[in-house]
Amino acid sequence: MGKAKYGNWQEQEANGEEKTAKTRITYAKKQHFKKCREVGHAIKGMSLLKATWLLEQVLVKKRGIPMKRFTGGCGRHAVGKQDSAPGNCVAFPQKATKLFLDLLTNVKANAEEPSKGLDPTRLVIKRVQVNRAPNTRRRTYRAHGRIGKYEGHPAHIEIEVEEQAVAVQATADKPVVRLTSKRAAQLRVKVGGGAASA
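Residues numbered from 1 in each chain as written. Predicted model: local features only at pLDDT ≥ 70, side-chain atom pairs only at ≥ 80, totals over all residues. Heavy atoms only, no water.

Q: Tell me about the side chain of Gln31, and name the residues and values.
A: When you line up the elements, Gln31 lands in the loop between strand 1 (20-28) and helix 2 (33-43). From its side chain, Gln31 meets the backbone nitrogen of Ala96 in a polar contact 3.3 Å long. Aside from chain neighbours lying at most four places away, what touches Gln31 is Cys36, Lys95, Ala96, Leu99, His153 and Pro154. (Helix = DSSP H or I, 4+ residues; strand = E, 2+ residues; numbered from the N terminus. Polar contact = N/O pair within 3.5 Å; in protein donor to acceptor, adjacent residues only side chain to side chain. Contact = heavy atoms within 4.5 Å.)

Q: Just give me the short version of the nonpolar core, but keep the residues and values in it.
A: By size, the foremost hydrophobic cluster in this structure holds 31 residues, and its most contacted members are Ile43, Phe100, Leu104 and Ile157. Elements supplying a minimum of two residues to this core: strand 1, helix 2, helix 3 (48-59), helix 4 (94-112), strand 4 (123-132) and strand 7 (155-163). Leave out the neighbours within four places in its chain, and Ile43 touches Ala51, Leu54, Leu55, Phe100, Leu104, Ile125 and Val128. (Core = buried A, V, L, I, M, F, W, Y, C linked by side-chain atoms within 4.5 Å. Buried < 20%, exposed > 50% of the residue type's maximum accessible area, 1.4 Å probe, protein only.)

Q: Could you give an account of the packing of helix 2 against helix 4, with specific residues and numbers?
A: Viewed as axis vectors pointing N to C, helix 2 and helix 4 meet at an angle of 50°, and their least axial separation amounts to 9 Å. Classified by the interaxial angle, the pair formed by helix 2 and helix 4 is oblique. You can see that helix 2 and helix 4 cross each other, and the crossing is right-handed. Contact residues: helix 2 offers Lys35, Cys36, Val39, Gly40 and Ile43, while helix 4 offers Ala96, Thr97, Phe100 and Leu104. Its residues placed into classes, the contact of helix 2 with helix 4 shows six nonpolar, two polar and one charged. (Axes fitted to C-alpha atoms, helices over the stretch in contact; angles between N-to-C directions. Parallel < 35°, antiparallel > 145°, perpendicular 65-115°, else oblique. Left-handed = near helix turned anticlockwise from the far one by under 90°. Nonpolar A, V, L, I, M, F, W, Y, C, P; charged D, E, K, R; others polar.)

As C-alpha cells, this is what we get:
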C-alpha cells in the first residue's frame, strides 16, 4: 500500500503556492511531554505575536497555562480565571515555555526567508502537534543496595503557521433586514390608532 496523499498540499508546497511555514524538534530532552502538550494546546489557533506575548507572560507568572488533560498535581491559581481553566488549574512550565518560544522564533524566521516571503504580523498557528518520544532510561541508587528507574519523558513537537488572508472590505450596501410575518404585522399596527372618541 502506497503513501497516503490527502489533498494537493504537496504540489502547492512544491510550487510555492502554500502560505505556510513549519518547524519541529524531535526527542526534546529535559522537557516533559505532558507540559509540552498543554503549552501546545494553549497556543494553537493564536496569532504568532499573541502566542509569543502569552508565553512571555507565563515566564513571569502573569498568565498561566491551563492544565486540561494532565491535571494531576497541578496547583490552583487566581490567574486561572483569565483563561477559564477548569478549577483554576494552571501551571507555569518554565522549560516547556522556553522551548516553545524558541520554536516560535524559528518558525517566524522560516516564514520570512525569501522562498516563502510571508508577513510575520499575519501569521496564525495552524497546527501544533506534540507526541510522546521514547522514554530515556537511567538508573538511580536507592537505600539497601537497590536500584530504581530514573526515566525522562521527552516529546516530538511540530508547529505549522499559515498567513492569514487579508480581510476584504464589505460593500457599503445597506443590509437587508428580514422580518418574520409576526414582526411585520406588529410593525403595521399603530398603537392607540383608530377614530378619536367624542
